[in-house]
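# Descriptive analysis of the structure
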Amino acid sequence: MRVDLVTLVVDDYDPAIEFFVDVLGFELAEDSPSLTNDGRPKRWVVVRPPGAETGVLLARADGERQSLAVGNQVAGRVGFFLQVDDFEAEYERMVAAGVEFVTSPRTEPYGRVAVFLDISGNRWDLLGPA
């Protein structure tokens, strides 16, 4: 048993793909036409960190309720955790790429950590070894 995908509700597909692929360095695993449950067109868009099994399904908000969730997937908490092997190099690369960090890097018992925002404003931990 494993978690295959987690969903992030986004405003639109292409800017989200650009952020996750071009800025964070994820791979575009799938971008296929699909249909909503009631037959309207949508896309099935999955991004993954290189070598990862679990992917992120980028789901365009459909309706007011879903639009309200964009950037607030987990009620303002850190809800996503990106583990890297070289914290300092990834942190510097992400800063140079324009990623907004809302905390400075710090060392905790579990390693190095800094909180950043994705394209929608969801909070992520960048995590690496101390």
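This text goes with the structure placed above it.
Residues numbered from 1 in each chain as written. Predicted model: local features only at pLDDT ≥ 70, side-chain atom pairs only at ≥ 80, totals over all residues. Heavy atoms only, no water.

## With respect to helix α1 (residues 13-23)
Among the residues of α1, Y13, A16, I17, F19, F20 and V23 are the ones counted as buried. Of the residues trailing α1, G25 is marked for its positive phi of about 90 degrees. (Buried < 20%, exposed > 50% of the residue type's maximum accessible area, 1.4 Å probe, protein only. Helix = DSSP H or I, 4+ residues; strand = E, 2+ residues; numbered from the N terminus.)

## Considering the sheet that holds strand β2 (residues 27-35)
In any sheet, the strands associate via hydrogen bonds between backbone groups, in a parallel or an antiparallel arrangement. Here 4 strands make up an open sheet; going across it, the order is β1-β4-β3-β2 and the pairing mixed. Two strands in the sheet have a free side with no partner beyond their single neighbour: β1 (5-10) and β2. With direction set aside, neighbouring strand axes in the sheet form an average angle of 25 degrees. Here 3 bridges tie strand β3 (residues 41-48) to strand β4 (residues 55-60), and the two strands are oriented antiparallel to one another. Bridge assignment links V47 to a residue of β4, and that residue is V56. Of the strands in this sheet, β1, β2, β3 and β4 touch α1, which is tilted by about 5 degrees from β3. (Pairing = 2+ DSSP bridges. Axes fitted to C-alpha atoms, helices over the stretch in contact; angles between N-to-C directions. Contact = heavy atoms within 4.5 Å.)

## Here we look at helix α3 (residues 87-96)
Where α3 is concerned, the buried positions are F87, Y91 and M94. Down the axis of α3, the smallest arc covering the buried residues is 70 degrees, so these residues share one side. Contact partners of the buried residues in α3: β6 (100-101), β8 (111-117) and β9 (123-128). Immediately beyond the C-terminal end of α3, within one or two residues, lies G98, with a positive phi of roughly 95 degrees. (Arc of directions from axis to C-beta.)

## Some thoughts on the packing of aromatic side chains
Scanning all chains against the criterion turns up 9 aromatic pairs. Among the aromatic residues, ring-to-ring pairing joins F19, F20, F26, F80, F87, Y91, F101, F116 and W124 into one connected group. (Phe/Tyr/Trp six-rings, centres within 6.5 Å; stacked < 30°, edge-to-face > 60°.)

## Description of the pattern of salt bridges
Per the counting criterion, the structure on display carries 10 salt bridges. Across the salt bridge formed by R112 and E88, the nearest N and O atoms sit 2.9 Å from each other. Taken together, the residues span a long stretch of sequence, with R112 in strand β8 and E88 in helix α3 at a distance of 24 residues. Using a relative accessible area of 15% as the deciding quantity, one classes R112 as buried. Classification of E88 by relative accessible area gives partly exposed; the value is 37%. Where salt bridges share partners, they join R2, D4, R48 and E53 into one cluster. (Salt bridge = Lys/Arg side-chain N within 4 Å of Asp/Glu carboxyl O.)

## Notes on the nonpolar core
In terms of nonpolar packing, the biggest core is built from 26 residues, with F20, L58, F116 and L126 touching the most fellow members. Elements represented by at least two residues in this core include exactly β1, α1, β3, β4, β5 (78-83), α3, β8 and β9. Per-element tally for this core: the top contributor is α1, with 6 residues. The residues contacting F20, other than those within four sequence positions of it, are L8, G25, F26, V47, L58, D118 and W124. (Core = buried A, V, L, I, M, F, W, Y, C linked by side-chain atoms within 4.5 Å.)

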